[in-house]
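# A structural walkthrough
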Amino acid sequence: RVAAQQGCSRSQAEALIAAGAVQVDGAVVTDPARRVSEGAQLQVSDLSPVGALTVLLHKPAGMAAAEALQQAWASLGQGPAPLASLQELLALPKSASGLCVWSNERPVVRRLLDHERPAETEWLLSMPLVAGPAVVPALQAGGVRASLGHERGGVGQWRLVDKDNRGQAMADFLDGSQFSGGWSLRRQRIGRLGLSPLSVGQARLRLDFEKF
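Quick look at the structure, then. Counting restarts for each chain, with residues numbered from 1 along the sequence as it is written. Residues qualify for local features only when their pLDDT is at least 70, as the model is predicted, and side-chain atom pairs are given and counted only at 80 or more; totals for whole chains, interfaces and linings, by contrast, use all residues. The side-chain values count all of the structure's non-hydrogen atoms but skip hydrogen atoms and water molecules.

### Concerning helix α6 (residues 167-176)
Relative accessibility thresholds used throughout: buried, under 20% of the residue-type maximum; exposed, over 50%; partly exposed, between the two (1.4 Å probe, protein chains only). Secondary structure elements are defined from DSSP: runs of H or I of at least 4 residues count as helices, runs of E of at least 2 residues count as strands, and each element is numbered from the N terminus. Within the span of α6, buried status applies to Gly167, Met170, Ala171 and Leu174. Projected down its long axis, α6 shows its buried positions confined to an angular sector of 100°, all on one face. Against β7 (121-128), α5 (132-141), β9 (155-162) and β10 (184-190) lie the buried residues of α6. This arc corresponds to the set of directions leading from the helix axis out to the C-beta atoms. Residue contacts are counted whenever heavy atoms from the two residues lie within 4.5 Å of one another.

This is the structure we're talking about:
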């Protein structure tokens, strides 16, 4: 219904819905799979929400993204608590660390939820070198580009580049391998925006000129 009404693609319609720009019979709906009756009234707003912003967060491993955002929020000077309109984009697995993005800006939401032109993501995977021959080919077979960066003390660090939101799938695969627990996964970059200069647990606002 949204795609037909707006004359846009299904992925663009999904991004509009996820951004909170669509109302059904006066109520905001953020679930793109929601069924609506033929008689339902759809309204699509072209305006970004008041207080539109994008937060870049260095999430620690083992912590839920929402909890990490809550702890880092005060440093942003945006009020006592995270805005309810913010949503996590390209969700980061709890077991992984690295760049986590929360936004209510329509262009950002649309860009990171664009399944037809997904943003490239870069990860660092650290694990025992002996695991490489079994783990890395399996990741590559799944569409991830992998290259060994450096090795030290029997531990190797691989650079992984992907164009799909496979973070949870990679974490599940690593957990299911015989080297479960002997690895760490950190997301370094989404599109053109990287993790630096954020330290673990820190957050910052995206600057106007920064694009994914």
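Moving on, there is more to tell.
### Observations regarding the nonpolar core
By nonpolar core we mean a set of buried residues, namely Ala, Val, Leu, Ile, Met, Phe, Trp, Tyr and Cys, connected to one another through side-chain atoms within 4.5 Å. Judged by nonpolar contacts, the single largest core of 32 residues is most densely connected at Val55, Leu57, Trp102, Leu125, Met127, Leu160 and Leu185. Counting residues per element, the ones that place at least two in this core are β4 (54-59), α3 (65-72), β6 (97-103), β7, α5, β9 and α6. Take this core: its biggest share by element is four residues, from α3. With sequence-adjacent residues up to four places away left out, methionine 127 is seen in contact with Gly132, Val135, Val136, Gly154, Val155, Gly156, Trp158, Gly182 and Trp183. One finds Leu89, Val101, Leu112 and Phe212 within the second-largest nonpolar core, a separate group that totals 16 residues.

### So, the sheet that holds strand β3 (residues 42-44)
By this definition, two strands are paired if DSSP reports at least two bridges between them. A sheet is described by the order of its strands in space; here three strands give the open sequence β2-β1-β3, paired in antiparallel fashion. The sheet terminates laterally at β2 (27-28) and β3, the two strands that pair on one side only. Bridge count between strand β1 (residues 22-24) and β2: two bridges; the pairing is antiparallel. Residue glutamine 23 lies in a different strand from β2, and its bridge partner there is valine 28.

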